[in-house]
Amino acid sequence: MDVTRDNFDHALAEFRLAISSCDFAAIDMEMTGLYADRARQPSHLDTKNERYHKLLQSVESYAVIQVGICLFSWVDSKPDEPKDGYYEARPFNFNVFPCTSVGGFPIESHFGCKNTAFEFLARNSFDFNKWVYQGIPFLNADQAERIRSDRVSLLTKRQPRMEVDDQHKAFVRDLEAALRKFMKSKADKILRYQTANSYERKLVYDVVARHNTLGTRSRHGCIEIFKGTRKGMAKHVAQKIHALNTSIDEARGFCQIIDILSAARKPVIGHNMLLDVMHAYSKFYKPLPATRSAFGKSLPQFLPILIDTKYIIESTPAIKARYRTSNLDEIAPMLERETQRGQTHGMIRNHPQFTRDVTHTMHEAGFDAYMTGATFIRLLNLEGELHLTAGSVSSELVLYRYINRLYVALGDDLYWNLSGDSAKESRAMHAANGHVTVAEALDDTLANSDTPSLSDGCCSADDDDDDDQCSTGFEVVAFDDLVPVLEELSMEQ
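Source: prediction; values computed, not measured.

A. Structural detail: the environment of histidine 351. Relative to the helices and strands, histidine 351 is located in the loop between strand E12 (348-350) and helix H15 (365-380). It is 9.7 Å that separates the C-alpha atoms of histidine 351 and serine 73, two residues lying 278 residues apart in sequence. Ignoring any residue separated from it by four or fewer positions in sequence, one finds histidine 351 in contact with Glu88, Ala89 and Arg90. Side chain to side chain, histidine 351 and arginine 90 meet in a polar contact 3.2 Å long.

Here it is in structure tokens:
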């Protein structure tokens, strides 16, 4: 489903309904650039903190222009069908553009654009006009609260008088004289005062605000000034605040989607997803923390369960040797062809309402999100290398070993365990076989950590992991075991 501001309300309702029953979500983003110059590009020689700051600079420099979210739900086969079941996909392709105004007040934002990034997007048929003119606005919670506070302060507190330049002193004298005459008149209820530019309009608002029984309404080419009682003016201000709150709620736009995704506490799958997660956090949640450790501690409150398919591939020699690549646009088609030839399981169908707008074009965020989720499903079902525990329902399974391990390439380290670099291994990591519940593993994890995290119990990149266990051992756990822990974490937060 391709989503613009024109059909956003419909898509929002569909998304809210679908996420409650989905098993996991896959995400992807398109940006206006990645790194400003070679010095700011990631290097294998970076420390983890250096890498975080490089990514932080990228997030603060460039904009997100498209967000793909694909929801996957397991559907059991009907009794008369031979198949075991299949995953049903609902891909959403959100075109997003920063909010430009709230309640008539302009909101300005600045972001960089990389010429090579725009050329790449153009080659992949990106519609820049649709992005600007039909992009869904967004305003994160911090921005919304700051705007709300500033505007309410203007409405309820007496502001310092504006300094008037010499050119407009006569304008102010004429305005004050007109107001004195207007207030003395019993017949006149409204005064329409003509203004030539925005500066004169500000002067009118400033002068009128000094009178407790006068109010203003903006009109085309003029400002309407009206009389009222103190009680009436208080009601008028309350109405303005209500209208402001409504405008801010509407301006939050796409952030509502991310709010729903965060509140659902579902596993979120990405491919080489660290930069995407940081963009989502910064653009649609709140400003990124200054340090990597602070980011790791706050991440479970935002998206608690993250799984990176690039890390699964890179950390599993059998898969890497078989496909010789971990690039999504290369390995995804290979896995899809194997599925079509019947070499692997992992049947995936689009929901009937989500077939019309599927473009099958790589580097469209919605399609890339679909391919990321499909790749995750097919990786779980590779014969020989990966297999689900017998008797488990595939739609309820997640790989505990890969939760919150986001791929990076730092010397010998393949991943960041952002919230658990210094944590001790839980007993789940020492289990030789079988499947262990996340709840049991988290009992140990939470006992040794001040911050609830779904990955504190994982082996960190700094630990001396057992090579065989970390490279080819997969521990499959039922997602149902996550639910009570997530509910407990949500209540605490």
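Following the structure, the description resumes.
B. Representation of the state of the cysteines within the structure. Applying the stated criterion across every chain yields a total of zero disulfides. This cysteine, cysteine 22, is not joined by any disulfide, and cysteine 70 carries the nearest cysteine sulfur, 9.6 Å off. Residue classification places cysteine 22 among the buried residues on the basis of a relative accessible area of 4%. Not part of a disulfide, cysteine 255 finds its nearest cysteine sulfur in cysteine 99, a span of 9.6 Å. Look at cysteine 255 and you get buried, because its relative accessible area is 0%.

C. Representation of the packing of helix H6 (residues 169-184) against helix H7 (residues 198-208) within the structure. It is at 11 Å that the axes of H6 and H7 come closest, and there the two elements cross at 45 degrees. One way to sum up the angle between H6 and H7 is to call them oblique. Considering only the axes of H6 and H7, their crossing is right-handed. Taking contact as the criterion, the partners of Phe171, Val172, Leu175, Glu176 and Leu179 in H6 are, on H7, Glu200, Leu203, Val204, Val207 and Val208. Considered class by class, the residues forming the contact of H6 with H7 number eight nonpolar, no polar and two charged.

D. Up close: the sheet that holds strand E9 (residues 222-227). Spatially, the three strands line up as an open sheet ordered E7-E9-E8, and their pairing is antiparallel. On the outer flanks of this sheet lie strand E7 (190-194) and strand E8 (214-219), each paired with one strand and no other. On average, each strand axis in the sheet is inclined to that of its neighbour by 25 degrees, with strand direction left out of account. Where E7 lies against E9, five bridges are found, and the strand directions are antiparallel. By the bridge assignment for E9, glutamine 194 is matched with cysteine 222. Those strands touched by H6 are E7, E8 and E9, and its axis lies near 170 degrees from that of E7.

E. Spotlight on unusual backbone geometry. Phi angles above zero are rare outside glycine, and serine 125 is one such case at about 65 degrees. Residue position: serine 125 is located in the loop between helix H3 (115-123) and helix H4 (128-134). Of note, the phi angle at arginine 324 is positive, near 60 degrees, even though the residue is not glycine.

F. A look at the packing of aromatic side chains. Inspection of every chain in the model, using the stated rule, returns 27 aromatic pairs. Both rings, one in phenylalanine 24 and one in tyrosine 87, keep their centres 6.0 Å apart while their planes meet at 65 degrees; by these two values the pair is edge-to-face. Taken as a pair, phenylalanine 24 in strand E2 (residues 24-31) and tyrosine 87 in strand E4 (residues 85-95) lie far apart in primary sequence, 63 residues in all. For the pair phenylalanine 72 and tyrosine 370, a centre-to-centre distance of 6.2 Å together with 20 degrees between the ring planes defines the contact as stacked. With phenylalanine 72 in strand E3 (residues 64-76) and tyrosine 370 in helix H15, the pair connects residues that are 298 residues apart, well separated along the chain. Residues phenylalanine 72 and tyrosine 370 agree in their burial class; the two are buried. Ring-pair connections join several aromatic residues into one group, and the members of that group are Phe24, Phe72, Trp74, Tyr87, Phe367, Tyr370 and Phe376. The ring of phenylalanine 226 carries arginine 217 above its face, with NZ or CZ at 4.2 Å from the centroid. The ring of tyrosine 407 carries lysine 310 above its face, with NZ or CZ at 5.3 Å from the centroid.

The rules behind the values
Residues numbered from 1 in each chain as written. Predicted model: local features only at pLDDT ≥ 70, side-chain atom pairs only at ≥ 80, totals over all residues. Heavy atoms only, no water. Helix = DSSP H or I, 4+ residues; strand = E, 2+ residues; numbered from the N terminus. Contact = heavy atoms within 4.5 Å. Polar contact = N/O pair within 3.5 Å; in protein donor to acceptor, adjacent residues only side chain to side chain. Disulfide = S-S within 2.5 Å. Buried < 20%, exposed > 50% of the residue type's maximum accessible area, 1.4 Å probe, protein only. Axes fitted to C-alpha atoms, helices over the stretch in contact; angles between N-to-C directions. Parallel < 35°, antiparallel > 145°, perpendicular 65-115°, else oblique. Left-handed = near helix turned anticlockwise from the far one by under 90°. Nonpolar A, V, L, I, M, F, W, Y, C, P; charged D, E, K, R; others polar. Pairing = 2+ DSSP bridges. Phe/Tyr/Trp six-rings, centres within 6.5 Å; stacked < 30°, edge-to-face > 60°. Lys NZ or Arg CZ within 6 Å of the ring centre and 35° of its normal.

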